[in-house]
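Each chain is listed here by its residues.
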Amino acid sequence: MKYRPVKAAMIGVGAISGIYLQNITHTFREVELVGVCDLIPDRAEKGAAYVKAEIEQGAGVREPKIYKDMYEAFNDPEVEVILNLTRPYEHFEVTKQALLHGKHVYSEKPLGVDMEEAGALIALAEEKNLRLGGAPDTFMGAGIQTARRLIDGGYIGDIVGASCAMVCRGHETWHPDPEFYYKRGGGPMLDMGPYYITALVQLLGEAKGLTGMTKRSFTERLITSEPHRGETINVDVDTWLSGNIEFESGAIAQVFTTFDVHYTAQSRFEVYGTKGSMMVPDPNTFGGPVLLLRPEDFAAAPKTDPGLMRHGVPDFYAGWREMPLMYDYPENSRGLGLADMCKALRTGRDHRANFQQQRHVLEIMTAFSKSSERKAYVPIATKYSRTAPMKNNPMHGILDE
């Protein structure tokens, strides 16, 4: 029987939509884009125009409809899945209405801005027997999947702990519309934290509890990017969050995210085991490098390793070995989680970027501020089981059964 791609409608055609449009048009054969919608009609028109131009260049897809509002998309009988790419504080209402209209939903992160929103959406999806999940899907790429396989294979022994950081100055220096990053649902933890926390639970498993300290370093932000250059943003969320996560395995991970400092290397992610250490790729990407350090390698290492220097790794990392990536999707493959959900819809299996994972990650992220406010250790109530590892398929863009 010929495989039928799942028909999807995109709600929100902002900055992140470009890579989704590109990958749905050219890579993921599990998904067929039926239509697009945005509160700003020009954005929807530009999104549809991109697809139309690619069709004229030979892309074998259909030209998407332009919906006048999201309810027109929800009432379209063709549409099976809603791709929710709206701003974080809009995720809840868009996803809720889509579910009420009988549509499966794949949403950009986070699932909701707090556990109450997430719980309400999950209860609604379960009541209506609908699929619910969403970003990040970077953990499904070649980098994190390779790291997971090496850890599971005992290459660095039993996991002792991890350390990860996302350090930057803030989106007002480059993003065309940065205000929402400093409003409810924004901030470095809810914006960038999902990549790091999702990678952590994929590699280390279920979290047990955490302690955190947070603050709001600046009450206002001056926009220096176009087109809002010179405008100021009132900051409503914490922009410095740090703490330690305790995992059920006994491992402890140190986490630090901030929009407050000038720094040249945004990402750091390391996992430590009884037999060695691993440098994990930036979890906001799909590729590598994955670097492994074992005592025998460190002892025999040259003072300078040119192979590492090409990745910008300084001399003090001499002895780390770059491991070959063992999975597909090393490139920017946003939409991979959506494609996986669509395959799951057709085959009946579980999808990897599911709401169980999103809920556990959201509880961890929101617990940092709770711990800081209470000045106490905060237990994590949600349960978590790692989703299935990726399987290599000889056809790029087709997911496993």
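Whatever comes next refers back to the structure up there.
Residues numbered from 1 in each chain as written. Predicted model: local features only at pLDDT ≥ 70, side-chain atom pairs only at ≥ 80, totals over all residues. Heavy atoms only, no water.

### Quick word on the packing of aromatic side chains
One pass over the full model with this rule turns up six aromatic pairs. Between Y182 and F259, the aromatic rings sit 5.8 Å apart at their centres with planes inclined by 70 degrees, giving edge-to-face as the arrangement. Remark: F259 occurs in the loop between β12 (252-258) and β13 (267-273) and Y182 occurs in the loop between β7 (159-167) and α7 (187-191); sequence separation between them is 77 residues. Across the pair, F259 and Y182 agree in class, each one buried. Judged by centre distance (4.8 Å) and plane angle (50 degrees), the ring pair of W240 and F256 falls under tilted. Here the residue W240 occupies a position in strand β11 (residues 240-247), and F256 occupies one in strand β12, the gap between them amounting to 16 residues. Of note, K215 hangs over the ring of W240, and the distance from its end group to the ring centre comes to 5.2 Å. (Phe/Tyr/Trp six-rings, centres within 6.5 Å; stacked < 30°, edge-to-face > 60°. Helix = DSSP H or I, 4+ residues; strand = E, 2+ residues; numbered from the N terminus. Buried < 20%, exposed > 50% of the residue type's maximum accessible area, 1.4 Å probe, protein only. Lys NZ or Arg CZ within 6 Å of the ring centre and 35° of its normal.)

### Focus on the side chain of E206
Mapped onto the elements, E206 comes out in the loop between α8 (193-204) and β8 (207-215). We classify E206 as buried; its relative accessible area is 13%. Only 3.2 Å separates the side chain of E206 from the backbone nitrogen of Y384, close enough to count as a polar contact. Non-local contacts of E206, meaning those with residues more than four positions away in its chain, are made with F247, E248, H360, T382, K383 and Y384. (Polar contact = N/O pair within 3.5 Å; in protein donor to acceptor, adjacent residues only side chain to side chain. Contact = heavy atoms within 4.5 Å.)

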